[in-house]
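Summary of the model geometry
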Amino acid sequence: MLIITCIKQVPDTTQVKIDAVTGTLIREGVPSIINPFDAHALEESLRLKDEYGFKVVAISMGPPSAEMTLRRALALGADDVILLSDRAFGGADTLATSMLLSEAIKRLSVHEEIAMVICGKQTIDGDTAQVGPGIATRLKYTQLTSVDRIENIDIQSRRITVRCKFEGRYEILESSLPAMIAVLREINRPRYPTVPMRMMSQEAVIKTWDNKIMRLNENTVGLKGSATAVKRIFSPDRAMGQILGGDEISNPDDAARMLIDKLVSKNLLSLQ
Ligand SMILES: Cc1cc2nc3c(=O)[nH]c(=O)nc-3n(C[C@H](O)[C@H](O)[C@H](O)COP(=O)(O)OP(=O)(O)OC[C@H]3O[C@@H](n4cnc5c(N)ncnc54)[C@H](O)[C@@H]3O)c2cc1C
């Protein structure tokens, strides 16, 4: 049985700048990294491989440079990797992204049974958390989101139990397989690749599926297949904050009184 892990290559946002003219992210010269949530999705897939013997296939939609992220997945222990890359796939929004990833998963399911699809909760660039649920909807899989622990898998009866973390509460959910699982970063601690595995991954040929292989209607992928387009990206102007009290106020009561006075003076608080 297969576990499909969806991993995205993203710009290291700590260094991302916005092109004020085009309103798009400046990606040139910015180091690319594996999306942090996806490093945990990959680790969880490999952990389940160790425990239950699943085969792990990591897939990524992206430019040819996204090969680097898939080599990392091989070095960590993924059994196979597939890069979905074609100019026609460029500019995809979440609708088109989840469509392409689902079609690739359908192709893989022809050869072997899929146990689950594991995604990260969200990416650090688009940040929509929509692709995982989009894949689940298209494949008619149960979607289990905000998962911070996989409690149990019963391969015989094709059932899984997970713990989901929400604000101030947990939910324990049980579902049939196959399912789509979107994980939180708390779920595990990613392992490091061994030197031999790193060397092997550097030599490996990365399988790339373009649209000649996927044979999808070009109006359903990339920018053409997207219902939304990013019009402009910009850093909102922030009004300068004000530090109340600072050194001249020693105790918190005075600071609190000063805050209340400030809020009242700005009609943000009424003491009536
Ligand atoms: C600043 C910015 C804002 C954007 N805003 C929007 C928007 O509002 N609406 C919209 O539809 N699109 C938006 N996009 C485009 C969007 O980023 C892409 O569609 C992207 O491919 C998927 O969306 P996401 O990054 O939000 O992923 P998310 O939905 O946050 O990703 C969740 C998980 O899905 C998997 N995944 C996501 N992308 C890929 C991939 N390419 N390959 C493999 N696995 C993947 C990963 O496991 C990931 O952890 C935006 C892009 C940028 C850079």
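As the structure is a prediction and not an experimental result, all values here were calculated from the model.

To continue, consider the overall build of the protein chain. Within the protein chain, the secondary structure is distributed over seven helices and 13 strands. The principal-axis extent of the C-alpha atoms belonging to the protein chain is close to 70 × 45 × 40 Å. Counting over 272 residues, the protein chain shows a buried share of 42%. Across the protein chain, contacts joining residues at least 24 apart in sequence account for 69% of those joining residues at least 6 apart.

Domain parsing of the protein chain yields domain 1 (2-220) and domain 2 (239-272). Centre-to-centre separation of domain 1 and domain 2, based on C-alpha positions: 47 Å.

The full set close to the ligand counts 30 residues, and Cys 6, Asp 38, Thr 123, Thr 128 and Gln 130 are the nearest of them. At 2.8 Å from an oxygen atom of the ligand is found a main-chain nitrogen or oxygen belonging to Ala 92. Taken together, the elements giving at least two residues each to the shell around the ligand come down to strand S6 (55-61), helix H3 (94-111) and strand S8 (114-120).

Let us look at the pattern of salt bridges. Per the counting criterion, the structure on display carries 18 salt bridges. When the shortest N-O distance is used, the salt bridge between Arg 47 and Glu 44 registers 2.6 Å. With a gap of three residues between them, Arg 47 and Glu 44 both fall in helix H1 (residues 36-52), about one helical turn apart. Residue Arg 47 is classed as partly exposed on the basis of its relative accessible area, which comes to 28%. A residue is classified by how much of its surface remains accessible, and Glu 44, at 1% relative accessible area, is buried. One salt bridge in this structure joins Asp 148 and Arg 163, with 2.7 Å as the shortest N-O distance. You can see Asp 148 sitting in strand S9 (residues 142-154) and its partner Arg 163 sitting in strand S10 (residues 159-166), a full 15 residues away along the chain. Arg 163 matches Asp 148 in its accessibility class, with the two residues each being buried.

Now for the environment of Asp 80. Here Asp 80 shows up in strand S7 (residues 80-84). Taking the C-alpha atoms as reference points, Asp 80 and Ile 4, 76 residues apart in sequence, are found 9.7 Å from one another. With residues near it in sequence (within four places) discarded, Asp 80 still touches Val 56, Val 57, Ala 58 and Lys 207. Only 2.4 Å separates the side chain of Asp 80 from the side chain of Lys 207, close enough to count as a polar contact.

A few words now on the sheet that holds strand S13 (residues 207-209). With mixed pairing, nine strands are arranged side by side in an open sheet as S11-S10-S9-S12-S8-S1-S6-S7-S13. Every interior strand has two partners, whereas the edge strands, strand S11 (169-176) and S13, have only one. Ignoring which end each strand starts from, the neighbouring axes of this sheet average 35° apart. Pairing of S9 with S10, which is carried by six bridges, proceeds in the antiparallel orientation. Bridge pairing in S10 links Asn 152 to Thr 161. In the packing of helix H2 (residues 67-76) onto the sheet, the strands contacted are S6 and S7, and the crossing angle to S7 comes to about 170°. Packed on one face of the sheet, H3 meets strand S1 (2-6), S6, S7, S8 and S13 and runs near 150° to S6.

Reading guide: rules and limits
- Residues numbered from 1 in each chain as written.
- Predicted model: local features only at pLDDT ≥ 70, side-chain atom pairs only at ≥ 80, totals over all residues.
- Heavy atoms only, no water.
- Helix = DSSP H or I, 4+ residues; strand = E, 2+ residues; numbered from the N terminus.
- Buried < 20%, exposed > 50% of the residue type's maximum accessible area, 1.4 Å probe, protein only.
- Contact = heavy atoms within 4.5 Å.
- Domains from an automatic or database assignment.
- Near = heavy atom within 4 Å.
- Polar contact = N/O pair within 3.5 Å; in protein donor to acceptor, adjacent residues only side chain to side chain.
- Salt bridge = Lys/Arg side-chain N within 4 Å of Asp/Glu carboxyl O.
- Pairing = 2+ DSSP bridges.
- Axes fitted to C-alpha atoms, helices over the stretch in contact; angles between N-to-C directions.

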